[in-house]
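Spelled out from the first residue to the last, the chains are:
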Amino acid sequence: MKLSPLLERLDGAIDELRAAHPADGPGFCLALLAQGDVLRQVHHGLADLSWQQPLDGDARHYMASESKPWVAALVMQEVAEGRLALDTDLRPLLPALGEYEQPLCAGHLLRHTSGIPDYLFLWGTQLGRHEHDFIAREQALALITQAGESSFQPGLRHEYSNSNYLLLAELLQLQSGLTLAELAQRRFFAPWGMGSSSFEADPWRVLPRRARSYGRVAAEPAEAQGWQELPVPLGTWGDGGLWSTLNDQLRAERRWHEDWLLQGERSLWARCAAADERYGPADGPYRFGLEWLQAGDQRLLFHGGGYGGFSCLLLRNPAQGVSLVMLSNCDGFDNDAERWAQRLWGPAQA
């Protein structure tokens, strides 16, 4: 497989990113992995503007919705080992769903086809709430409980809702007797050598080498513009809550690709990317914590996330053994999977 065209396209994209993000502001970490080897790795900008600390591969970033694939993988492990069935009605198990009338299964939650309202949307509709207000796990569960019903018949269509993965975390904890942080540490992070990755329910807990996230302060004239630090005011996990580093994510990518090569259709990626029509449309791109997209003749697997000025994207080409990993602490960073897929694997531009 020739990687030269891919690397040429990526190098052009990196040059554009460097030009768009001043080196003395927040920036990005980026790496391209192919058959286990890192072919490109770039760290641009600062992890902490107060102390002028540069970003590097060990700077911890908030991964936001990139937490979801890890939760989905934990659920699918439970299914593979016979401790959980995707079609089990969760209403008797999860108090927050006790008053919902229609059966709700783990498969619906995984594929975002449950119709359960997003607790972040519900929080935002309350009078007196500010976007930076802290949301505790108990508050999020109470909002789901109060909603009391799905907005459509489960399985009918896809509607992204953070409530789904918050509830899956509750289910995993109920099944295992461990917190999500403990379970992920035992199943993935410790065995895979991901020493700087953890699920955190306290957004203010001190973490070594934690990057800060920033957004632009609008001002006139332009020379007066500066940066403001952005909070991550979430005490929830499952839908988010994961902190990690570029180096840890590269360790994980090697493991995911190895599992794909060795296990094939039994690999975690394959099981999480399966089109199970019991829980949603067969052609729906969002599967069990992962999404598919097409770029040229290549089929790519991805997920990403963004919150509080942090953003990330993990874009994979399993057939080629290639992964693009990007983390940023700059609000507005382009982590759109479709654009990056077309940029790297789409038809050549005239």
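The text that follows walks through the structure, step by step, so that each part is easy to find. Since the structure is predicted, the reported quantities are computational estimates derived from the model, not experimental observations.

**Re unusual backbone geometry**
Backbone geometry follows two general trends: most residues other than glycine have a negative phi, and most peptide bonds adopt the trans configuration.
Here comes step 1: Phi angles above zero are rare outside glycine, and Gln-52 is one such case at about 55°.
Here comes step 2: Mapped onto the secondary structure, Gln-52 falls in the loop between strand S3 (46-48) and strand S4 (53-54).
Here comes step 3: On the basis of relative accessible area, Gln-52 is assigned to the partly exposed category, the value being 48%.
Here comes step 4: Not every positive phi belongs to a glycine, and His-112 is a case in point at roughly 60°.
Here comes step 5: According to the relative accessible area criterion, His-112 is buried, its value standing at 0%.

**Remarks on the sheet that holds strand S15 (residues 322-328)**
Here comes step 1: Strand order in the open sheet formed by six strands is S2-S1-S15-S14-S13-S12, and the pairing between neighbours is antiparallel. If you trace the sheet from one side to the other, it starts and ends with strand S2 (37-44) and strand S12 (291-295), each paired once. Within this sheet the neighbouring strands show an average axis-to-axis angle of 15°, counted without direction.
Here comes step 2: When S12 meets strand S13 (residues 298-307), the two strands line up antiparallel, connected through five bridges. When the bridges of S13 are listed, Glu-291 appears paired with Phe-302.
Here comes step 3: Where helix H1 (residues 4-20) meets the sheet, it contacts strand S1 (28-34), S2 and S15, and its direction lies at approximately 175° from that of S1.

**Some thoughts on the pairing of S1**
Here comes step 1: Counted residue by residue, S1 has seven buried out of seven residues, so it is predominantly covered.
Here comes step 2: Going residue by residue along S1, you find Phe-28, Leu-30, Leu-32 and Ala-34 tucked away on one face and Cys-29, Ala-31 and Leu-33 tucked away on the opposite face as well.
Here comes step 3: As paired elements, S1 and S2 share seven bridges and run antiparallel to each other. Residue pairing for S2: Leu-33 is matched across the bridge by Val-38.

**So, the side chain of His-108**
Here comes step 1: Examined against the element boundaries, His-108 turns out to sit in helix H3 (residues 106-110).
Here comes step 2: With near-sequence residues (within four places) excluded, His-108 lies in contact with Pro-103, Thr-113, Ser-114, Pro-154, Gly-155, Arg-278 and Tyr-279.

Cut-off values and rules
- Residues numbered from 1 in each chain as written.
- Predicted model: local features only at pLDDT ≥ 70, side-chain atom pairs only at ≥ 80, totals over all residues.
- Heavy atoms only, no water.
- Helix = DSSP H or I, 4+ residues; strand = E, 2+ residues; numbered from the N terminus.
- Buried < 20%, exposed > 50% of the residue type's maximum accessible area, 1.4 Å probe, protein only.
- Pairing = 2+ DSSP bridges.
- Axes fitted to C-alpha atoms, helices over the stretch in contact; angles between N-to-C directions.
- Contact = heavy atoms within 4.5 Å.

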